[in-house]
Amino acid sequence: MTTDELIWRISGGSGDGVDSTSQNFTKALMRSGLHVFTHRHYPSRIRGGHTYVEVRASAEPVASRGDGFNVLLTLGDSFARNTDEDAVYGNEAIKPLSENLDELRDGGIIVFDSGQVDIEEVPNFEERAEEHDWQVFPVDLRGIAKEHGREIMRNTAGVGATAALIDMDLDPVEDLMAEAMSGDILEANLDVLEDAHDHVTEEFDTDTGLSVPQGEHDEEQVLLSGSHGISYGAIDEGCRFISGYPMTPWTDVFTIMSQELEEMGGIAEQVEDEIAAAAAAIGASHAGAKAMSGSSGGGFALMSEPLGLAEMTETPLVLVESMRAGPSTGMPTKTEQADLEHVLYTSQGDHSRLAFAPGDPVEAYEQTRKAFELAWKYQMPAIVIYDSKLAGEYRSVPKSAFDQEPNPDLGSTLTEDELADAPHDDTGRFQRFQHDVEDDVSPRSLPGQENGRFLATGNEHWPNGQIAEDTTNRVNQVDRRLGKLSSVRDDLNATEESFQSHWGTEDAEIGVLTWGSTQDSVEEAVENLAATGRPVAGLGVSEIAPFPEAEIVEFVESVDEVMIVEMNASAQFRGLLQKELGAYGQKISSLLKYNGEPFRAGEIEEAIEIELNGGGEPTAQVTLRPATGD
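Note that this is a predicted model, so its numbers are computed, not measured.

## Re the side chain of Thr156
- Counting through the fold element by element, Thr156 comes out in helix H5 (residues 154–165).
- In terms of polar contacts, Thr156 uses its side chain to reach the side chain of Asn189, at 2.9 Å.
- In this structure, Thr156 is in contact with Met177, Asn189, Val192 and Leu193, ignoring residues within four places of it in sequence.

This is how it looks when you write it as structure tokens:
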């Protein structure tokens, strides 16, 4: 066992307080000076069903899941519907223990609630525990909680028991409790925490060989998810209107925005469906507000027609699309990156839209801000693509990353003074959709402005907005709308740093290319191999549309082979790359995962070694797809 990192997993049933307990445990580790990262697994049920949260903590920055874990706290499932092993879902009472053993490292710690879990019902448990040298601690967490009032506090007892076995200071945990509760409830929880800690100390040998790492932050940290990053980026960029309909995992952004906007005079509107949500956001933007909406795959499909309307009327808008395993309802609480083509190509006709795919909460903040900035500057919809992995994973990030100036600017919107000198037709209508304009952006007006009157329609139109089917006008309008993408590309290329991330060694033989939330696992894999002298480099792509062709070509040409890592079965980013570049198929292979779980660094490392060594089969549940012609 090592003490350089702790990976703690708490498991139970949905409704057992697994999520809230893990949040407090994670915050306590962060406040003690450690960098933290969480991964959440939960079923598509309100109550019952096996769920767990994994917390990785280290004195060094951590940005992805670890390979396996070394401490398991099992509460059991209070809401188990069936304890028959032959039932459809098996024996739900033991799943929080039995389904978490495969990834527990040798020498690991198991704390289980002996008042809830019958260890005799777990198949081959004793043999496996002996084989892997697991340290097993049966503790009646339920009984300890009952002594102080309610068995619901057994999760608190579990934290106390864990702390005793890993030499963890209880002070940060107690401070968090005091912040969240008071009075008799606080006193009862503190008593449960300390009694469980004392019980384990008195009844067991607590010299487990594993302890909490010691660390100290260089600057203040905050615990955030990608959903927070998107929400705070939108707010700082001046968004004051959001409309939506709940759908996992997009709901997190909608909830955060709704809470925050209420306190700052903004509007958050839950509507009847996703068509209405996107249409309401378009209306708010047309009226002069910075507005956004979003959904997950099935809900975003309903936004296709409003999205096309925003493109045709050149109404700035930001949409977020939170991917989950599909198609149809799919696996609502599991992650996937299979909506890329859906996001890029949904809605009829030729498209003029922007797309960003951030890889972590800070990137989510920065790229959401950039999406708003460019959408309002170039008058087009921008989409932030993420997934349930980034939406729900919490990690410690520097607070300073979000200490940036707000930007309420409405981009290329004219004032009334500017409108007085702007071109108008013979009837006094503002020429809202002019052909020959700088960067193909025709400035807009807002309803109610003097000299700003024009028509906004989903039909093709003349410069004043009046419906038109003239062929020359059609070509001019289409060319101008699509031409804005080139202007955006020039704008992004002119920034000091792109939104892409680079890792690994110079003069690499193999390059690993990925996009979106998979970047963190790829980064760790590449850096691990590079540290051992393996010739590996990595590129994480966040600028999806317009495509960063020059930067990707430079990377692809710098290596002998390229492996594209993504979480879908159809290699969608690989397809996009080959469509945009029209070459390099003979040197590009794919590593795909689509079982609902995110990549671990070790899975990627194994695949890279297979490529470097000339062949083999991965042991993990992933798919290696060779380059064209192999």
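## What about a negative patch on the surface?
- Taken together, the side chains of Asp140, Glu147, Asp184, Glu187, Asp191, Glu194, Asp195, Asp198, Glu202 and Glu203 make up a negatively charged region of the molecular surface.
- With 8 residues, helix H7 (residues 183–203) is the single largest residue contributor to the negative patch.
- Relative to the elements of secondary structure, Glu203 occurs in helix H7.
- With relative accessibility at 52%, the residue Glu203 sits in the exposed group.

## Topic: the sheet that holds strand S17 (residues 536–541)
- A sheet is described by the order of its strands in space; here 6 strands give the open sequence S15-S17-S16-S19-S20-S21, paired in mixed fashion. The open sheet is flanked by strand S15 (501–504) and strand S21 (623–625), the only strands paired with a single partner. This sheet shows a mean twist of 20 degrees between the axes of neighbouring strands, independent of strand direction.
- Note that strand S20 (residues 588–592) and S21 share 3 bridges and pair antiparallel. Pairing of Leu592 across the sheet is with Thr623, part of S21.

## Observations regarding the pairing of strand S5 (residues 104–113)
- S5 sits mainly inside the fold: 8 of its 10 residues count as buried.
- Note: S5 against strand S6 (residues 135–139), 5 bridges, orientation parallel. The residue bridging Ile110 from the neighbouring strand is Val136, located in S6.
- Taken together, S5, helix H3 (residues 125–131) and S6 form a β-α-β motif whose crossover is right-handed.

## Things to note about the nonpolar core
- The biggest cluster of nonpolar side chains holds 47 residues, and the ones touching the most others in it are Leu6, Leu29, Ile166 and Met168.
- A total of 7 residues in this core trace back to one element, the largest contributor, which is H7.
- Apart from residues no more than four positions distant in its own chain, Met168 is found in contact with Phe25, Ala28, Leu29, Ala163, Val173 and Val212.
- Counting 45 residues, the second largest nonpolar core, distinct from the first, contains Leu344, Ala357, Phe555 and Val559.

## Looking at the sheet that holds strand S12 (residues 354–356)
- An order of S9-S8-S10-S11-S13-S12-S18 is seen for the 7 strands of this open sheet, with the pairing classed as mixed. At either end of the open sheet lies a strand with only one pairing partner, and these are strand S9 (267–270) and strand S18 (543–545). Direction aside, the axes of adjacent strands within the sheet are offset by 20 degrees on average.
- Bridging between strand S10 (residues 290–296) and strand S11 (residues 317–323) involves 5 bridges; their strand directions are parallel. Bridged to Gly294 within S11 is Val320.

## Overview of the pattern of salt bridges
- For the coordinates displayed, the defined rule picks out 33 salt bridges.
- In this structure, Arg600 and Glu103 form a salt bridge, with 2.8 Å as the shortest nitrogen-oxygen distance. Here Glu103 lies in the loop between helix H2 (95–98) and S5 and Arg600 lies in the loop between S20 and helix H21 (601–612), a separation of 497 residues in the sequence.
- Put simply, Arg9, Glu54, Arg65, Glu103, Glu597 and Arg600 are held in one network by salt bridges that share partners.

## A look at the environment of Arg353
- Here Arg353 shows up in the loop between helix H13 (340–345) and S12.
- A C-alpha to C-alpha distance of 49 Å links Arg353 and Gly108, two positions 245 residues apart in sequence.
- Here Val343 takes part through its backbone oxygen, which lies 2.9 Å from a polar atom of the side chain of Arg353.
- A distance of 3.3 Å separates a polar side-chain atom of Arg353 from the backbone oxygen of Leu344.

## Looking at helix H1 (residues 18–31)
- A rise of 1.5 Å per residue sets the reference length of H1, with its 14 residues, at 20 Å; its end C-alpha atoms lie 20 Å apart and thus fit the reference within 8%.
- Of all the positions in H1, only Val18, Thr21, Ser22, Gln23, Phe25, Thr26, Ala28, Leu29 and Met30 are classed as buried.
- Just downstream of H1, Gly33 is the residue with a positive phi angle, here 110 degrees.

## As for the domain arrangement of the chain
- By the assigned domains, the chain splits into domain 1 (5–203), domain 2 (224–402), domain 3 (416–494) and domain 4 (501–625).
- The straight-line distance from the C-alpha centre of domain 3 to that of domain 4 is 41 Å.
- Contact with domain 3, which involves 4 residues of that partner, is made by 4 residues of domain 4.
- A buried area of about 340 Å², summed over both sides, lies between domain 3 and domain 4, and 62% of it is on carbon and sulfur atoms.
- Counting the surface domain 3 buries against domain 4, the share from its top three residues, Leu485, Arg489 and Leu492, is 92%.

## Quick notes on the pairing of strand S7 (residues 221–225)
- Counted residue by residue, S7 has 4 buried out of 5 residues, so it is predominantly covered.
- Relative to strand S14 (residues 394–398), S7 runs antiparallel, the two being bridged by 5 bridges. What sits directly across from Val222, in S14, is Val397.

## Let's talk about the environment of Val62
- Along the polypeptide, Val62 turns up in the loop between strand S3 (50–58) and strand S4 (69–74).
- Residue Val62 is classed as buried on the basis of its relative accessible area, which comes to 12%.
- When the C-alpha atoms of Val62 and His35 are compared, they prove to be 6.2 Å apart, with 27 residues separating the residues in sequence.
- Those residues in contact with Val62 that sit more than four places away from it in its chain are His35, Val36, Phe37 and Arg56.

About the criteria used
Position numbers for residues start from 1 in each chain and track the written sequence from start to end. With the structure being a predicted model, the display of local features is reserved for residues of pLDDT at least 70 and the display and counting of side-chain atom pairs for 80 or more, all residues being used for whole-chain, interface and lining totals. To obtain the side-chain values, all non-hydrogen atoms of the structure were used and water was disregarded. Labels follow the DSSP assignment, with helices taken as runs of H or I lasting at least four residues and strands as runs of E lasting at least two, numbered in each case from the N terminus. By the criterion applied in these results, polar contacts are pairs of N or O atoms within 3.5 Å in which, for protein atoms, one can donate a hydrogen and the other can accept it, and in which residues neighboring in sequence qualify only through two side-chain atoms. Throughout, a residue-residue contact means that at least one pair of heavy atoms, one from each residue, lies within 4.5 Å. Each patch is built from salt-bridge-free residues with over 30% relative accessible area, joining like charges within 9 Å and nonpolar side chains (Val, Leu, Ile, Met, Phe, Trp, Tyr) within 5 Å. Each accessible area value is a Shrake-Rupley result obtained with a 1.4 Å probe; residue values ignore everything except the protein chains displayed when judging cover. We define a salt bridge as a side-chain nitrogen of Lys or Arg found within 4 Å of a carboxyl oxygen belonging to Asp or Glu. The charged-residue count follows a simple rule in which Lys and Arg add positive charge and Asp and Glu add negative charge, with His and chain termini not counted at all. To locate a charge, take atom NZ for lysine, CZ for arginine, CG for aspartate or CD for glutamate. Only protein chains enter the accessibility calculation, which uses a 1.4 Å probe. A residue is then buried if its area is under 20% of the maximum for its type, exposed if over 50%, and partly exposed in between. A pair of strands counts as paired when DSSP detects no fewer than two bridges linking them. Note on geometry: axes are lines fitted to C-alpha atoms, helical ones only across the stretch in contact, with angles between N-to-C directions running from 0 to 180 degrees. Here, the term right-handed applies to a crossover whose path from the first strand over the helix to the second runs clockwise when the strands point away from the viewer. Think of a nonpolar core as a cluster: buried Ala, Val, Leu, Ile, Met, Phe, Trp, Tyr and Cys residues, connected wherever their side-chain atoms sit within 4.5 Å. Expected helix span is computed as 1.5 Å times (number of residues minus one). An automatic or database domain assignment is the source of the domain bounds shown. Summed over both partners, the accessible area lost on bringing two parts together, with a 1.4 Å probe, is the buried area.

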